[in-house]
Amino acid sequence: MPPTIRRAVIPAAGLGSRLLPLTKATPKEMLPVGDKPVVEHTVRELVDSGITDITIVVSGGKSLIQDHFRPNPALVRQLRADGKDAYADAVEEVAELARQGHITYLDQHGPYGNGTPVLNAARSFGDEPALVLWPDDVFVADVPRAQQLIRAYEQTGCPVLALLPMDPADSRRYGVPVVKEDLGDGMLRITGLVEKPEPDAAPSAYAAIGGYVVTPGIVDELREQTRLWYDAERQGRPVGEVYLTDALNAYAAHHAVYGQVIQGEWYDTGNPADYLVAQMAHALSHPEYGPVLRELVHRLDG
């Protein structure tokens, strides 16, 4: 039986440039979706899926993330003194969430690219597998996306990517998996990913979206990429970035990798239009806010 997944990495060191100027002073991970910052949605998903060791990899200017999850006894006392117990309970509940997830923070260092924060955090993994979730995704599902990925890993003991069905016309937006075999129940054996192919060149009708189970073999590939990056830098050759996708492709050339088609709705908050969609979808599903917004839409359409 494969090792139990206890650990997760949330890369949160990016600039959020696609959301400027909104993210000039506020980290994109702290932008609200409903009544919670988007990174809290990700942390809740992990804790609800049994993860007990979360590393958030940050960079300069991300202290608001730590402030959000840090206990604030003085604020709680003031709220209770003012008779605002519901708000005090909410503040304490966020701190308890961080305790349950045993959140630690790590400053990113090394080459640019989304593989670097995973490699930075991997020093604490040992030989354990880990989940990697981006902090600008929100999933709404009966079974959390993280839990669906964990189940797929428990069946295979191999790296797993989160997938969603894709309109082939949208292939330029995603990494598209090369499918070797459909094993049923949404599980696919894949042999690699093609980044943002033209629609007529897309190898399948699935998109790789934010969510991975990373194993020690993937970490080894990231180490090799990083070594090559430093070699190129020392020799004055053009230096690219270290990508998790490249490590997965290198690993999949010689080892089994799987994709799990996720059951649920995915909302990306990484650009203005998608962020507004995520806000609206979350608000419409809220028992208190949803009816108000539907009435507004009805009046505007009328």
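### Here's the deal with the nonpolar core
Okay, so step 1: Within the largest apolar cluster, 41 residues are counted, with the highest numbers of intra-cluster contacts made by Leu46, Ile54, Phe69 and Leu131.
Okay, so step 2: Secondary structure elements with two or more residues in this core: β1 (7-12), α1 (38-48), β4 (53-58), α2 (63-69), α4 (85-100), α6 (145-156), β8 (160-165) and β11 (206-214).
Okay, so step 3: Sorting elements by how many residues they give to this core places α6 first, with five residues.
Okay, so step 4: Not counting the four nearest positions on each side in its chain, Leu46 is found in contact with Ala8, Ile10, Ile51, Ile54, Leu131, Leu133 and Ala146.
Okay, so step 5: Judged by nonpolar contacts, the second largest core, of 30 residues, contains Leu193, Ala208, Trp229 and Ala247.

### Points about α6
Okay, so step 1: Its 12 residues place the ends of α6 17 Å apart at the C-alpha level, agreeing with the 16 Å of an ideal helix rising 1.5 Å per residue.
Okay, so step 2: The first or second residue beyond α6 is Gly157, which carries a positive phi of 70°.

### Some thoughts on unusual backbone geometry
Okay, so step 1: A positive phi is found at His102, a non-glycine position, where the angle reads about 45°.
Okay, so step 2: Here His102 shows up in the loop between α4 and β5 (104-107).
Okay, so step 3: A relative accessible area of 45% places His102 in the partly exposed class.
Okay, so step 4: The phi dihedral of Asp185 is positive, around 55°, even though this residue is not glycine.

### A short note on helix α7 (residues 216-234)
Okay, so step 1: Here α7 contains 19 residues, and its C-alpha end-to-end distance of 27 Å stays within 8% of the 27 Å for a straight helix at 1.5 Å per residue.
Okay, so step 2: All of the buried residues in α7 are Gly217, Ile218, Val219, Leu222, Gln225, Thr226, Trp229, Asp231 and Ala232.
Okay, so step 3: The inward-facing, buried residues of α7 abut α5 (116-121), β11 and α8 (244-252).
Okay, so step 4: Gly236 lies just past α7 and shows a positive phi near 75°.

Criteria and cut-off values
- Residues numbered from 1 in each chain as written.
- Predicted model: local features only at pLDDT ≥ 70, side-chain atom pairs only at ≥ 80, totals over all residues.
- Heavy atoms only, no water.
- Core = buried A, V, L, I, M, F, W, Y, C linked by side-chain atoms within 4.5 Å.
- Buried < 20%, exposed > 50% of the residue type's maximum accessible area, 1.4 Å probe, protein only.
- Helix = DSSP H or I, 4+ residues; strand = E, 2+ residues; numbered from the N terminus.
- Contact = heavy atoms within 4.5 Å.
- Expected span 1.5 Å × (residues − 1).

So far we have only geometry, and geometry alone does not tell us how the molecule works.
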